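A closer look at the structure
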Amino acid sequence: GAGVSQSPSNKVTEKGKDVELRCDPISGHTALYWYRQSLGQGLEFLIYFQGNSAPDKSGLPSDRFSAERTGGSVSTLTIQRTQQEDSAVYLCASSLRDGGGMNTQYFGPGTRLTVL
Amino acid sequence: QKEVEQNSGPLSVPEGAIASLNCTYSDRGSQSFFWYRQYSGKSPELIMFIYSNGDKEDGRFTAQLNKASQYVSLLIRDSQPSDSATYLCAVNRGKLIFGQGTTLQVKP
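To start, this report covers the structure provided alongside it. Keep in mind that this is a model prediction, so the values were computed, not measured. (Residues numbered from 1 in each chain as written. Chains lettered and ligands numbered in written order. Predicted model: local features only at pLDDT ≥ 70, side-chain atom pairs only at ≥ 80, totals over all residues. Heavy atoms only, no water.)

Describing the overall build of chain A
Put simply, the rule is: Where helices and strands are cited, they refer to DSSP runs of H or I of at least four residues and of E of at least two residues respectively, numbered from the N terminus. All radius of gyration figures rest on C-alpha atoms, and the globule criterion is 2.2 Å times the number of residues raised to 0.38. In this scheme, a residue with accessible area under 20% of its type's maximum is buried, one over 50% is exposed, and one in between is partly exposed, where area comes from a 1.4 Å probe on protein chains only. Two residues form a contact once any of their heavy atoms are found within 4.5 Å. In these tables, accessible area is a Shrake-Rupley quantity obtained with a 1.4 Å probe, and a residue counts as shielded only by the protein chains included in the view.
Scanning chain A from N- to C-terminus turns up zero helices and 11 strands. N-terminal to C-terminal, the α/β element order of chain A is β-β-β-β-β-β-β-β-β-β-β. A compact globule built from 116 residues would reach a C-alpha radius of gyration of about 13 Å, and chain A, at 13 Å, matches this within 12%. With the C-alpha coordinates aligned to their principal axes, the bounding extent of chain A is approximately 40 × 30 × 30 Å. Classification of the 116 residues of chain A by burial places 47% in the buried group. A separation of at least 24 residues holds for 55% of the contacts in chain A among residues at least 6 apart in sequence. Of the roughly 5400 Å² of accessible surface on chain A, a fraction of 45% belongs to carbon and sulfur atoms.

Now the structure itself:
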């Protein structure tokens, strides 16, 4: 498909385990963003990539969270030693380029993470 | 004070009425603004963006921006039950800064 894809769609894990969430952006989009949406909370920015570099990691909540992007395409968000408060929907978005202006971000379907 | 504020609602309007959704932002330097719609259990989908003062129309939707007063609004004309969703206002600073969203209920 032409949209942003994410996998898995659902992930249930036990507290203390590591998880990897994957995002495939729209082809040709150089900017990629990760957000988190917890129950009853708004959308919270985590990190963004321009190409393979991450100019803004300011939203990562702790050093248990990391992300990488390879080949200017696929990105992986890794959460180590998961905690129950990590339970949320993790959303990925991509845009044609970064920066301000009219750089529209398109969202993927999200990964629902549940930490037991 | 949150950077982007929205009334969480729910805002309830009858079918066919105009729904008015409002958003205020704190950073006077903000340049561009987005409205997304999010159905329950789904990801946000773009409705429209605006960056100039005044109105921007797209079908049944009109976005209004007033930079002096630091508010953005979204009007939905001829509201339909299918418009029932949460509407998210976002300020674009490279990353998007979202409000909490306003839940709209359109009653048949």
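Here we look at the sheet that holds strand E6 (residues 54–58) of chain B
Pairing between sheet strands relies on hydrogen bonds along the backbone, with the strands arranged either parallel or antiparallel. Residue and element names in this part refer to chain B. What counts, and what does not: In this scheme, strands are said to pair when DSSP sees at least two bridges between them. An axis is simply a line fitted to the C-alpha atoms; with a helix, the fit covers only the stretch in contact. Between two such axes, the angle follows the N-to-C directions and lies from 0 to 180 degrees.
If you trace the five strands from one edge of the open sheet to the other, you get E1-E3-E8-E7-E6, paired in antiparallel fashion. Here the strands that pair on one side only, and so sit at the sheet edges, are strand E1 (4–6) and E6. For this sheet the average axis-to-axis angle between neighbouring strands, irrespective of direction, equals 20°. Sheet topology note: the E6/strand E7 (residues 61–66) ladder contains five bridges and is antiparallel.

Some words on the state of the cysteines
Selection rule: Disulfide assignment relies on a single distance test, namely cysteine sulfur atoms paired within 2.5 Å.
Under the criterion given, the structure shown has two disulfides over all chains. The disulfide bridge from Cys23 of chain A ends at Cys92 of chain A, spanning 1.8 Å between sulfur atoms. Residues Cys23 of chain A and Cys92 of chain A share a disulfide whose torsion about the S-S bond is about -65°; that sign makes it left-handed. Here Cys23 of chain A, found in strand E3 (residues 19–24), pairs with Cys92 of chain A, found in strand E9 (residues 88–95); they are 69 residues apart in sequence, far enough to count as distant. Each member of the pair, Cys23 of chain A together with Cys92 of chain A, is buried. Across the disulfide, Cys23 of chain B is cross-linked to Cys89 of chain B (sulfur-sulfur distance 2.0 Å). Across the S-S bond linking Cys23 of chain B and Cys89 of chain B, the dihedral sits near -70°, which makes this disulfide left-handed. Within this pair, whereas Cys23 of chain B is found in strand E3 (residues 19–25), its partner Cys89 of chain B is found in strand E9 (residues 85–93), the two being separated by 66 residues in sequence. Given a relative accessible area of 1%, Cys23 of chain B falls into the buried group.

Notes on the side chain of Asp56 of chain A
Locating Asp56 of chain A in the fold gives a position in strand E6 (residues 53–56). The exposure class assigned to Asp56 of chain A is buried, which follows from its relative accessible area of 17%. Residues in contact with Asp56 of chain A, not counting those within four places in the same chain, are Phe45, Leu46, Ile47 and Tyr48 of chain A together with Lys95 of chain B.

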